[in-house]
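# Summary of the model geometry
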Amino acid sequence: MSSYKVSLLKPLFPSLFMMSFFMALASAGNFYQDFDITWGDHRAQILNGGQLLTLTLDKASGSGFQSKNEYLFGRIDMQIKLVPGNSAGTVTAYYLSSQGPTHDEIDFEFLGNLSGDPYTLHTNVFSQGKGNREQQFHLWFDPTKAFHTYSIVWNKQRIIFLVDNIPIRVFNNLESSAGVPFPKSQPMRIYSSLWNADDWATRGGLVKTDWTQAPFTASYRNFKANACVWSAGKSSCDSKNSAGFEDATWQDQGLDAAGRNRLRWVQQKFMVYNYCGDLKRFPQGLPAECKSSRFL
C-alpha cells in the first residue's frame, strides 16, 4: 500500500505570520528523554539507546508509559507494531488525555483478534468528560507485520486521525456553531498501554485471551511531536524565544481534495462502526455533531 503513503493534507489558511506567531520546540523521539514507564515493572522496556520501546502483557500484568511533557495542540506521530498472532482479548491503547472528571481525550485503541482475523481500530473523542463518539475501522494491512505510523493532528479547528498519513477520521470544532464542546483548554499527555480486556475487547467478550500465547508484545519507535508544550501554566507557543516548529503546517491543517477522497475511501470500505449511524443507541436523537454537514 505504499502508493497511499503520500501527503494528503494542506493548511487551509497558510500564513507566514501564523507560522511565526505559534512557536514551539519539535521533539524527535528518544524514549528515555520523552517518556516515563508508569507501570508493569520489567514488562515495559526502552531499548536501542532510546530508539525502541516495547510493552508486554502476561497473565500477571500489562504495562504502560506516558509522556514527560503535556501538550496543548500539535501533531503527534508514533510508529507501532502490534501484538502478532492470536491477540484476542488484548488491547493496545495509544491516546492523549488530560486528568479529572471533565477530562479531554483523543483515542486510538487496537482491539486484538484471533489469528487471521483483522484488528479493530477503535477511535473516540472526549470533551469535558463526555465521550461516546466511537468510530471503528478494520485496517487495509496487517498491523503486526511491520511498523505503521499513527498520528493525531490537533489544532483549534479540528482533530484529524491518520494512519500512514491517510486520514481516517475528522472531528471538527463545532463549539460555536452547534454547542459541542471541543478539546481546547486542557493540556494532555500521551499515554500508551497494553492490557487484558477479554471481558469486552474481542467480539464483545465472547473470545477470551489465550494465555498459552503469552507474553504478548507491542513495539514503538520514531515518536515525534510538533506541538505546543505546556509547562508551569504556559504554552511554549506563546514564547517569542522558542526555536520554532520543525513543521508548522498542523496549526491550521485541513484536508485538501485528495485528503477528502482518501477519507471517504477509508470510511466507505473499512469503517465497521459509526456512532452517528446508531439510531438504536440514540433514540432521542443523534448527537449534535452528527447532524452537522461539517462532521466527518
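Our structure is the block above this text.
Let me sum up the structure you'll find in this document. Only a predicted model underlies this, so the values are computations on that prediction, with no experimental measurement involved. All residue numbers refer to position in the chain's written sequence, counted from 1. It should be noted that, the model being predicted, local features are given only for residues of pLDDT at least 70 and side-chain atom pairs only at 80 or more, the latter also being counted only at that level, while totals for whole chains, interfaces and linings use all residues. Processing note: side-chain calculations cover all non-hydrogen atoms of the structure and skip hydrogens and water entirely.

### Points about the overall build of the protein
Numbering of helices and strands runs from the N terminus, with a helix taken as a DSSP run of H or I at least four residues long and a strand as a DSSP run of E at least two residues long. Of regular secondary structure, the protein possesses 4 helices and 19 strands. Note on classification: 1.4 Å probe, protein chains only; a residue is buried when its accessible area is under 20% of the maximum for its type, exposed when over 50%, partly exposed between these limits. Residue burial in the protein is summarised as follows: out of 296 residues, 57% are buried. Contacts are assigned to residue pairs that have any heavy atoms within 4.5 Å of one another. Sequence separation of 24 or more characterises 69% of the internal contacts of the protein that already satisfy a separation of 6 or more. For the protein, the accessible surface area stands at approximately 13,400 Å², while carbon and sulfur atoms represent 51% of it. In this description, accessible areas are obtained by the Shrake-Rupley approach with a 1.4 Å probe, and a residue is regarded as covered only by the protein chains that are shown.

### Here we look at the state of the cysteines
Disulfide: a pair of cysteine sulfur atoms within 2.5 Å of each other. A full pass over the atoms with the stated rule returns 2 disulfides. With its sulfur 1.8 Å from that of its partner, cysteine 228 forms a disulfide with cysteine 237. On the sign convention where negative is left-handed, the bridge of cysteine 228 and cysteine 237, at about -85 degrees about the S-S bond, is left-handed. Neither cysteine 228 nor cysteine 237 differs from the other in exposure class; each is buried. The disulfide partner of cysteine 276 is cysteine 290, and the S-S distance across this bridge is 1.9 Å. Linking cysteine 276 and cysteine 290, the disulfide has an S-S dihedral of approximately -75 degrees and is accordingly described as left-handed. Here cysteine 276 is found in the segment after strand E19 (271-274), whereas its partner cysteine 290 is found in the segment after E19, with 14 residues between them in sequence. Each member of the pair, cysteine 276 as well as cysteine 290, is classed as buried. If you count the bonded cysteines of the protein from the N-terminus, they pair up as 1-2, 3-4.

### Here we look at the nonpolar core
If you look at soluble globular proteins, the nonpolar side chains tend to sit buried side by side. In this text, buried Ala, Val, Leu, Ile, Met, Phe, Trp, Tyr and Cys residues form a nonpolar core when linked through side-chain atoms within 4.5 Å. One finds Trp140 and Trp154 to be the most contacted residues of the largest nonpolar core, which totals 68 residues. It is strand E16 (residues 216-231) that provides the largest number of residues to this core, a total of 8 residues.

### Some details on helix H4 (residues 257-269)
With 13 residues, H4 should reach 18 Å at 1.5 Å per residue; the first-to-last C-alpha distance of 18 Å fits that figure. Along H4, the residues classified as buried are Gly259, Leu263, Trp265, Val266 and Gln267. Where the residues of H4 are buried, they touch strand E11 (135-138), strand E14 (166-172), strand E18 (253-255) and E19. Multiplying one less than the number of residues by 1.5 Å gives the expected span of a helix.

### Considering the sheet that holds strand E10 (residues 120-126)
Two strands are counted as paired when DSSP detects at least two bridges linking them. In spatial order, the strands read E3-E6-E15-E8-E9-E10-E11-E19; together these 8 strands make up an open sheet with antiparallel pairing. Strands at the two margins of the open sheet, each flanked by one partner only, are strand E3 (35-39) and E19. Direction aside, the axes of adjacent strands within the sheet are offset by 15 degrees on average. Pairing analysis gives 3 bridges linking E11 to E19, with the strands arranged antiparallel. All axes are obtained by fitting lines to C-alpha atoms, using only the stretch in contact for helices, and the reported angles, taken between N-to-C directions, cover 0 to 180 degrees.

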